[in-house]
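One letter stands for each residue in the lines below.
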Amino acid sequence: MDTEVEVEKKRGIPGSTIKMIAIIAMFIDHTAAVILERIMRQQGINTMLDMGPVEPIVIVYLVMRIIGRLGFPIFIFLLIEGLEHTRNQWKYLLRLIIFALISEIPFDFAFNLSREQIFSGQLLEFTYQNVFFTLAIGLAAVIGIKIIQGIEFNEMLKVFINIGITVAGMGLGLLLRTDYGAIGVLAIIIMYLLRQRRILASAMSCLVLMFSSFLEASAFLILLPVGYYNGERGWKLKWVFYAFYPVHLLLLWVICLCMGIA
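Figured I'd write up the structure that's included with this text.

Parameters at a glance
- Residues numbered from 1 in each chain as written.
- Predicted model: local features only at pLDDT ≥ 70, side-chain atom pairs only at ≥ 80, totals over all residues.
- Heavy atoms only, no water.
- Axes fitted to C-alpha atoms, helices over the stretch in contact; angles between N-to-C directions.
- Helix = DSSP H or I, 4+ residues; strand = E, 2+ residues; numbered from the N terminus.
- Parallel < 35°, antiparallel > 145°, perpendicular 65-115°, else oblique.
- Left-handed = near helix turned anticlockwise from the far one by under 90°.
- Contact = heavy atoms within 4.5 Å.
- Nonpolar A, V, L, I, M, F, W, Y, C, P; charged D, E, K, R; others polar.
- Expected span 1.5 Å × (residues − 1).
- Buried < 20%, exposed > 50% of the residue type's maximum accessible area, 1.4 Å probe, protein only.
- Core = buried A, V, L, I, M, F, W, Y, C linked by side-chain atoms within 4.5 Å.

1. A closer look at the packing of helix H2 (residues 15-43) against helix H3 (residues 56-68)
In the contact formed by H2 and H3, the axes pass within 7 Å of each other and the chain directions differ by 150°. Classified by the angle between their axes, H2 and H3 sit roughly antiparallel to one another. Between H2 and H3 lies a crossing of left-handed hand. Residues Ala25, Ile28, Asp29, Thr31, Ala32, Ala33, Leu36, Glu37, Ile39 and Met40 of H2 touch H3, and the partners they reach there are Ile57, Val58, Val60, Tyr61, Met64, Arg65, Ile67 and Gly68. Of the residues in the contact of H2 with H3, the class split is 13 nonpolar, 2 polar and 3 charged.

2. A closer look at helix H10 (residues 198-209)
Over its 12 residues, H10 runs 16 Å from end to end, which matches the ideal 16 Å to within 8%, given 1.5 Å per residue. Considered for burial, the residues of H10 that qualify are Ala201, Ser202, Ala203, Ser205, Cys206, Val208 and Leu209. Of the surrounding elements, those touching the buried residues of H10 are helix H4 (71-85), helix H9 (181-193) and helix H11 (223-227).

3. As for the nonpolar core
Counting residues in hydrophobic clusters, the biggest one holds 68 residues, and the most contacted among them are Leu96, Phe132, Leu135, Leu139, Phe241 and Tyr245. For this core, the secondary-structure elements that each account for two or more residues are H2, H3, H4, helix H5 (89-112), helix H7 (131-149), H9, H10 and helix H12 (240-259). Excluding its chain neighbours within four sequence positions, the residues that come into contact with leucine 135 are Phe72, Leu79, Leu96, Ile188 and Phe241.

None of this, on its own, says anything about what the molecule does.
What follows is the structure in structure tokens.
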């Protein structure tokens, strides 16, 4: 009987598999956004579909971006799962902040700076910040809400304070102009508040993300891996995403440099 229960618990897919799905989706998305978008810009090709003939590269670009919409909501799901299992939520938050800072130069190279700006010595710009900042702000807001929920006092006052924390987090995401911005922070908070019902939490987060772009509709496909998630960690990939994010952005920029489109 115990063996049957153990086998039943292990059915499904572990967190490491879900993380790899997100990493692959993100890589596909960024390859389109960094490389294909530059190629189309140089060739004067519009990325928007219209009534005229559509270039094949545009179709490839849009398909890759649609696949890429799976990445962020999965990372939100894994962020909340990580919070639920971490031994130290403050170290968890600090780790996100550190990698947000580490990733900003590769992010700006890939998305925000031209070759001329970089070679003239400019390494940073501040009009658009990487997704680690969004995840860190969202996690900080969630920790704040978690702390308030653990304190015994008037429930109505708790609601107002939590609304205030949510608004402050969204405002910070908007002020810093982070990837996904205020909508991304709200999606993280929604995922946390509904965490006891994973499918509903994921669906509602995806619904919130659709306010940023209609392409986010494809993010609802995360309900498949989340639905099969067995609650187990799987492979030890704790540092894979942290390292992969800045490294792959830098690699994509180097590829652009070698192609003469940086």
